[in-house]
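Reading the structure
Now for the letters of each chain:
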Amino acid sequence: METKMNSKTFSLILIRLFIERDRQSRQKEERENGEEMASFILRVPTANLRGFSVSAAASSSNGAVPGTGTGSTQKAGPMIVELPLDQIKRPLMRTRANDPNKVQELMQSIQQIGLQVPIDVLEVDGVYYGFSGCHRYEAHQRLGLPTIRCKVRRGTKETLRHHLR
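A brief structural summary. Computed from a predicted model, the values in this text were never measured in an experiment.

1. Remarks on the side chain of arginine 136
- On the secondary structure map, arginine 136 appears in helix α3 (residues 134-143).
- We note that arginine 136 is buried and unpaired, the nearest opposite charge coming from aspartate 120 at a distance of 5.9 Å.
- Among the polar contacts listed, one links the side chain of arginine 136 to the backbone oxygen of valine 117, at a separation of 2.9 Å.
- Arginine 136 has contacts with Leu106, Leu115, Val117, Pro118, Ile119 and Ile148, leaving out every residue within four places of it along the chain.

And the structure:
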C-alpha cells in the first residue's frame, strides 16, 4: 500500500525520527552511567499519519519498574504521564511571552502527529509545577485539549525555590 504525504509532513517525520534517535543515544549513555530514565517506543504508521506518536513506559536502567527493588534507598526516576492542564501551576507564565508563530506551528503539528516531546514538570508535595514547555502548554490550551504528556520529576521545596529564582 502506498501512502502519499506532502514534503512538509515528511520533513516533520524525519525531524522527529532524528530527535528520537538522539534521545535514544542519550538514554543509552545514561543507562551506562547507571542513571534511571524513561524509555520511549516509536511507532510509525504505514497509512495514517495521525496515528504517529511516541509512547513512553517508565523503567530503570536495569528494566525494573522505578521505585521497586530490594534497596529502600532506591530513587524513582522521572515518569511520563498525562496530566490535566488545570493541575499544572505555571509560576513563571506572567514573566515570559510566548512566540505566537511558534505556538501556531506547534498547534498544527500536535493536530497532525500529536505531542512528540513531553513537557518537564516538577512535583512537590503532590502539586505539579511547569517551568519549561511553555509553547507546547499554550498550544494544548488553545486546542482545547484537557491533558498534556509530562515528564514528571519529584522534588523538594528547596528545588522549587531554586526554580523560582
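There's more to say after this.
2. Here's the deal with the sheet that holds strand β4 (residues 88-89)
- In spatial order, the strands read β3-β7-β5-β6-β4; together these 5 strands make up an open sheet with mixed pairing. A single partner strand is all that each edge strand has here, and the edge strands are β3 (79-84) and β4.
- Across the sheet, α3 lies against β4, β5 (119-124) and β7 (147-154), angled at about 145° from β7, the strand it touches most.
- Sitting on the sheet, helix α4 (residues 157-164) touches β5 and β6 (127-130), and the angle it makes with β5 is about 135°.

3. Focus: the nonpolar core
- Core analysis: the largest hydrophobic core is formed by 15 residues, its most contacted members being Leu83, Ile88, Ile119, Val121, Ala139, Ile148 and Cys150.
- Elements that contribute at least two residues to this core include exactly α2 (100-113), β5, α3 and β7.
- With 4 residues, the single largest contributor to this core is α2.
- Excluding anything up to four places from it in sequence, isoleucine 119 contacts Ile88, Arg90, Ser132, Gly133, Arg136, Tyr137, Ile148, Arg149, Cys150 and Lys151.
- Core analysis: the next-biggest nonpolar cluster, separate from the first, contains 6 residues, Leu92, Leu122, Val124 and Leu160 among them.

4. Concerning the packing of aromatic side chains
- Under the criterion given, the structure shown has 0 aromatic pairs.
- Directly above the aromatic system of tyrosine 137 lies the positively charged group of arginine 90, at a separation of 4.7 Å from the ring centroid.

5. Looking at the environment of isoleucine 13
- Counting through the fold element by element, isoleucine 13 comes out in helix α1 (residues 7-32).
- The class of isoleucine 13 is buried, set by a relative accessible area of 7%.
- Remark: the alpha-carbon pair of isoleucine 13 and isoleucine 113, spanning 100 residues in sequence, is separated by 8.7 Å.

Parameters and conventions
- Within any chain, residue numbers begin from 1 and follow the written order of that chain's sequence.
- Selection of residues for local features in this predicted model requires a pLDDT of at least 70, selection of side-chain atom pairs for listing and counting requires 80 or more, and totals for whole chains, interfaces and linings are taken over all residues.
- Excluding hydrogens and water, the side-chain values take into account all heavy atoms of the structure.
- Each helix is a run of H or I in the DSSP string that is no shorter than four residues. Each strand is a run of E no shorter than two, and both are numbered from the N terminus.
- Only protein chains enter the accessibility calculation, which uses a 1.4 Å probe; a residue whose area is less than 20% of its type maximum is buried, one above 50% is exposed, and one in between is partly exposed.
- Counted as positive: Lys and Arg. Counted as negative: Asp and Glu, with His and the chain ends omitted from the count.
- Salt bridges are counted wherever a side-chain nitrogen of Lys or Arg sits within 4 Å of a carboxyl oxygen of Asp or Glu.
- A 3.5 Å cut-off defines polar contacts: any pair of N or O atoms within that distance qualifies, except that in protein one atom must be a possible hydrogen donor and the other a possible acceptor, and neighbouring residues in sequence count only when both atoms are side-chain atoms.
- Contacts are assigned to residue pairs that have any heavy atoms within 4.5 Å of one another.
- In this description, strands pair whenever DSSP reports at least two bridges between them.
- Geometry is summarised by axes, namely lines fitted to C-alpha atoms with helices restricted to the contacting stretch, and by angles between N-to-C directions that run from 0 to 180 degrees.
- The set of buried Ala, Val, Leu, Ile, Met, Phe, Trp, Tyr and Cys residues whose side-chain atoms join them within 4.5 Å is what this entry labels a nonpolar core.
- Ring pairs are drawn from Phe, Tyr and Trp, using the six-membered ring of Trp, whenever the two centres fall within 6.5 Å, and their geometry is named by plane angle: stacked under 30 degrees, edge-to-face over 60, tilted for the rest.
- Ring-over charges, as used throughout, are those where CZ of Arg or NZ of Lys falls within 6 Å of the ring centre and within 35 degrees of the ring normal.

Any link to function would need more than the numbers given here.
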